[in-house]
Amino acid sequence: MPSLKDLKTRINSVKSTQKITSAMKMVAAAKLRRAQESAEKGRPYADRMQQIVNSLAVKADPSAAPALLIGNGSDKTHLLVIVSADRGLCGGFNGSITRQTRTEVARLQGEGKTVKLLMVGRKSADALRRELGDLYIDSLEGIQGTAVSYADAASIGETVRNGFESGEFDVVTVIFNKFKSAISQEVTLSRLIPAEVDSTQSEDDAGAGVSYEYEPEEDELLAAVLPRNISTQMYSALLESSAAELAARMTAMDNATRNAGDLIDRLTLVYNRSRQATITKELIEIISGAEAV
Amino acid sequence: MAETTQLELVTPANIMVQKAAEMVVAPGAEGLFGAMPRHSPLLADLVRGVVEVHENGKITDRFMIDGGLADVSGESVTILTERAENLATADRDTLKARAEAATGGEADFLNAVIAALQ
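Reading the values: rules and limits
Residues numbered from 1 in each chain as written. Chains lettered and ligands numbered in written order. Predicted model: local features only at pLDDT ≥ 70, side-chain atom pairs only at ≥ 80, totals over all residues. Pairing = 2+ DSSP bridges. Helix = DSSP H or I, 4+ residues; strand = E, 2+ residues; numbered from the N terminus. Contact = placed C-beta atoms within 7 Å. Expected span 1.5 Å × (residues − 1). Buried ≥ 20, exposed ≤ 12 C-beta atoms within 10 Å, placed from the backbone. Arc of directions from axis to C-beta. Domains from an automatic or database assignment. Core = buried A, V, L, I, M, F, W, Y, C linked by C-beta atoms within 7 Å.

**Observations regarding the pairing of strand β3 (residues 23–28) of chain B**
Residues and elements named next belong to chain B. By the bridge criterion, 4 bridges tie β3 to strand β5 (residues 42–55) in an arrangement that is antiparallel. Paired with Val25 across the bridge in β5 is Glu52. By the bridge criterion, 5 bridges tie β3 to strand β4 (residues 31–35) in an arrangement that is antiparallel. What sits directly across from Val25, in β4, is Gly34. Connecting the antiparallel pair β3 and β4 is a turn made up of 2 residues.

**What to know about the interface of chain A and chain B**
Each partner contributes residues to the interface: chain A has 22 residues there, and chain B has 21 residues. For the side of chain A that touches chain B, the secondary-structure elements that each account for two or more residues are α1 (4–59), α5 (150–165), β6 (213–215) and α7 (218–292) of chain A. Counting residues per element, the side of chain A that touches chain B draws most heavily on α1 of chain A, at 8 residues. Note: β6 of chain A against β5 of chain B, 3 bridges, orientation parallel. Within β5 of chain B, the position partnered with Glu213 of chain A by the bridge is Leu42 of chain B.

**Some points on helix α3 (residues 93–110) of chain A**
Residues and elements named next belong to chain A. In this model α3 runs 26 Å from its N-terminal to its C-terminal C-alpha over 18 residues, within 8% of the 26 Å that 1.5 Å per residue would give. Among all positions of α3, only Phe93, Asn94, Ile97, Thr98, Thr101 and Val105 are buried. The buried residues of α3 occupy an angular sector of 120° when projected down its axis, which confines them to one face. With respect to the buried face of α3, the exposed residues turned more than 90 degrees away are Thr103, Ala106, Arg107 and Gly110. The inward-facing, buried residues of α3 abut β1 (77–83), β2 (114–120), α4 (122–132), β4 (171–181), β5 (184–193) and α7. Residue Gly112 follows α3 closely and has a positive phi angle near 85°.

**A look at unusual backbone geometry**
Ile193 of chain A connects to Pro194 of chain A through a cis peptide bond whose omega is -10°. Mapped onto the secondary structure, Pro194 of chain A falls in the loop between β5 and α6 (199–207). Omega for the peptide link from Glu215 of chain A to Pro216 of chain A comes to -5°, which places this bond in the cis form. By secondary structure assignment, the location of Pro216 of chain A is in the loop between β6 and α7. Positive phi, close to 50°, is recorded for Asn56 of chain B, a residue that is not glycine.

**Let's talk about the domain arrangement of chain A**
Much of the literature gives interface size as the accessible area that the parts lose upon coming together. As assigned here, chain A comprises domain 1 (4–23 + 252–292) and domain 2 (31–249). A straight line from the C-alpha centre of domain 1 of chain A to that of domain 2 of chain A covers 52 Å.

**Re the nonpolar core**
Ranked by size, the top nonpolar core spans 94 residues in total, and within it Val81, Ile82, Val83, Val172 and Ala243 of chain A together with Val24 and Ile79 of chain B carry the most contacts. Take this core: its biggest share by element is 18 residues, from α7 of chain A.

Structure (structure tokens):
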């Protein structure tokens, strides 16, 4: 049975933990609002870019289409771009990315493919360094946070493009957490190269009977759009992931605060019980002492 | 007022401009072009340059863009660009400070904006 003093110390320590977690929750909630806003503001650009790529891709001549669109004909080497967070204490956020990466790498290697990893964010990079560290081509930190800049996304896009063009890898996929709502994130795999084309959507567009003029020619235009599209996709993945990270942290810290509250209640109950027990014991001692006289 | 076309200038960070215009002049890769209402559908690659918004026969707004894409249809002009600055509100000193802090393409673009202001 712990002494009253021990219990008191314990309660106080849980109380200060609760203060920290609730402060973290508040900070995450405030940042989330901003991150969500910028994720939403970024969507029109990404959506329209995707539409344009779709409508161009459907019309492109498959034999002459740029490699970024149809791939270079091989799928031996895969590059996975893993987007996790730089900081922890955000529930299953980094864990689920790490798990998905492990599964995906195992699956690809099982099929006899070569896998390379580009890690964005410290947490998953650290978690996987021991087992998959030799697959890393680079590991980037400090890109995420409240303000994701397009320049960072563009430089990752460039790295990916250069690697693809020099034949270091054939297929590029991004794994990131997509922001669904404040309480749920979804691990998403999205393919950058060859470009993912939603043919159903663009057929709808074409169905309207609009015949576009192109300036310059379609092929040249496509070649100009595709590299930009990669950076755009990367940017929207980073934005989504940042919003998802803050949402995950907010939920995790909310749970932690609630758990701390429960723990404090339980400990307070034990504390009061043992305080009463001590008082009763002392009374009995006094009374039986008095009777004995 | 005459017929208008809906201009949208979209950057990765936000929708920068959304307004009706009589004519939009954009710096296409193959030369400047003007888009008026009922323009035939056009998808054009853009280079670094100035987008001019015309209303009542006068230029009302000028935006410097750093290349991009223009999607023109009969009733709208959508310009997608990585960077854009409004030349009417841009202030040389702030731009200079930003250009010094920025690197690579961004600094290059901001210097071009400063040059365009002069």
